[in-house]
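Each chain, written out:
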Amino acid sequence: MRSLVVLMFLVGCADPGEGFSAQQPPDGSDPTPAPPVLSEETTLVTVDEALSQLLVVDSLDASTRVAVDLPAGLTGSCSTVFTRGGEMYLSQGRSLVRWDPCSEDWEVIGQFSDGAQICGIASRGLIGLYGIERTTSQLVRISTADASLSPVGPTGVFWAGHGLTWDEANERFLAITGDDDTLHSLDPETGEATWLADLDHEFHSVGVEVDPVSGTLFACTRRDLLAVDIVTGHVTVLGEVGEDENCADLGATWLDVPCL
């Protein structure tokens, strides 16, 4: 069984600023991105609202298998994340949900305050959950006790369809916005966004996740599963996911989840 220590070691091996294993030479003489780093040990999941199922997604070719059906009353998700402790949280846009897919127990933790809309959530190491609040364009911390929000700071970016993930190796958030197909890093202490790359793929709805095994940045939009080169902005299409025409969430496990 993989352990948290082993996975965090694998992530920590990546050098800051790497895309696909830092394939670009220092002088920039070779602009051709290398193929993405992929691993059979990666476990990605997505909520497929068309099928009303939680799917396990093969990172090599985007093929899927059904993990569990969505329990009655849980209609979908616009963002999915696993904590380092193995808990699974979903954002439904205006509320936070905790779901144990193995027991199928789930609960609405609470509504986000002041009409907040959050469809990009990420687990920052062992510190907690964070999200991008669309109406104010702020990075916020999300309480797992009652879904209350604590502002971190303005990002300075307009977020339409978007996804958020934590980049453990570089201690920063990464976010993609479908408004202009760009990749940004977010300072975890101030919320300020820094442009990293224009992406050579058209995004609509967005799910995004840094894989703790390979360090690769995965994303999905429409039905495409993608690997994103952080350095060059090149996007590799790995295949089509499920039946949902608007894939908006990806999660990656840090610990083995038996039912997945």
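Parameters and conventions
In this convention, every chain numbers its residues from 1, walking through the sequence in written order. The predicted origin of the model limits local features to residues at a pLDDT of at least 70 and limits the giving and counting of side-chain atom pairs to 80 or more, whereas totals for whole chains, interfaces and linings rest on all residues. With hydrogens and water set aside, each side-chain value is computed from the structure's full complement of heavy atoms. Paired strands, as defined in this entry, are two strands with at least two bridges between them according to DSSP. Here a strand is any run of E in DSSP of at least two residues, a helix any run of H or I of at least four, and the numbering for each starts at the N terminus. The angle between two axes is taken between their N-to-C directions and runs from 0 to 180 degrees, where each axis is a line fitted to C-alpha atoms and a helix contributes only its stretch in contact. Two cysteine sulfur atoms make up a disulfide if the distance between them is within 2.5 Å. Buried means the residue's accessible area, taken with a 1.4 Å probe over protein chains only, is under 20% of the maximum for its type, while exposed means over 50%, and partly exposed covers the values in between. Residue contacts are counted whenever heavy atoms from the two residues lie within 4.5 Å of one another. In protein, a polar contact requires one atom able to donate a hydrogen and another able to accept it; more generally it is a pair of N or O atoms within 3.5 Å, and residues adjacent in sequence count only if both atoms are side-chain atoms. We define a salt bridge as a side-chain nitrogen of Lys or Arg found within 4 Å of a carboxyl oxygen belonging to Asp or Glu.

Caption draft 1: Spotlight on the sheet that holds strand β19 (residues 235–240). An order of β16-β17-β18-β19 is seen for the four strands of this open sheet, with the pairing classed as antiparallel. Of all the strands in the sheet, the pair left with one neighbour each is β16 (207–210) and β19. Averaged over all neighbouring strand pairs, the angle between strand axes comes to 25 degrees, with direction disregarded. Pairing of strand β17 (residues 217–221) with strand β18 (residues 224–228) involves five bridges; the strand directions are antiparallel. If you follow leucine 217 over to β18, its bridge partner there is valine 228.

Caption draft 2: Region of interest: the state of the cysteines. Here the structure, examined in full by the defined rule, presents three disulfides. The partner cysteine of cysteine 78 in its disulfide is cysteine 119, sulfur to sulfur 2.1 Å. As the torsion about the S-S bond is roughly -90 degrees, the cysteine 78-cysteine 119 disulfide counts as left-handed. With a gap of 41 residues between them, cysteine 78 in the loop between β3 (64–69) and β4 (79–82) and cysteine 119 in strand β8 (residues 118–124) connect regions that are remote in the sequence. Covalent S-S linkage joins cysteine 220 and cysteine 247, the inter-sulfur distance amounting to 2.1 Å. As the torsion about the S-S bond is roughly -80 degrees, the cysteine 220-cysteine 247 disulfide counts as left-handed. Here cysteine 220, found in strand β17, pairs with cysteine 247, found in the loop between β19 and β20 (251–252); they are 27 residues apart in sequence, far enough to count as distant. Assessed through its relative accessible area of 1%, cysteine 220 is described here as buried. When the cysteines engaged in disulfides are numbered in sequence order, the protein pairs them as 1-3, 2-6, 4-5.

Caption draft 3: Highlighting the pairing of strand β6 (residues 95–100). Where strand β5 (residues 88–91) and β6 come together, three bridges link them in antiparallel fashion. Across the sheet, residue tyrosine 89 finds its bridge partner in β6, namely arginine 98. Between β5 and the antiparallel strand that follows it, β6, lie three residues; glycine 93 among them carries a positive phi value of about 100 degrees. By the bridge criterion, six bridges tie β6 to strand β7 (residues 105–111) in an arrangement that is antiparallel. Within β7, the residue paired with aspartate 100 across the bridge is aspartate 105. Between β6 and β7, which pair antiparallel and follow one another directly, the connecting turn spans four residues, one of which, glutamate 104, has a positive phi of 70 degrees.

Caption draft 4: Fine view of the environment of serine 205. Considering the arrangement of structural elements, one finds serine 205 in the loop between β15 (193–198) and β16. Exposure remark for serine 205: the relative accessible area of 16% places this residue in the buried category. Spatially, the C-alpha atom of serine 205 lies 8.7 Å from that of threonine 177, the residues being 28 residues apart in sequence. Non-local contacts of serine 205, meaning those with residues more than four positions away in its chain, are made with Cys220, Thr221, Arg222, Asn246, Cys247 and Ala248. Within polar-contact distance, the side chain of serine 205 engages the backbone oxygen of cysteine 247 at 2.9 Å.

Caption draft 5: Fine view of the pattern of salt bridges. Tallying each qualifying case throughout the model produces five salt bridges. A salt bridge links arginine 98 to glutamate 107; the nearest nitrogen and oxygen atoms lie 2.7 Å apart. The class for glutamate 107 is partly exposed, based on a relative accessible area of 38%. Linking arginine 124 and glutamate 189 is a salt bridge whose minimum nitrogen-to-oxygen distance equals 2.7 Å. Of the two residues, arginine 124 is situated in strand β8 and glutamate 189 in the loop between β14 (182–186) and β15; the sequence distance between them amounts to 65 residues. A residue is classified by how much of its surface remains accessible, and arginine 124, at 12% relative accessible area, is buried. Accessibility expressed as a relative area gives 54% for glutamate 189, which makes it exposed.

As far as function goes, none of this settles anything; it's purely spatial.
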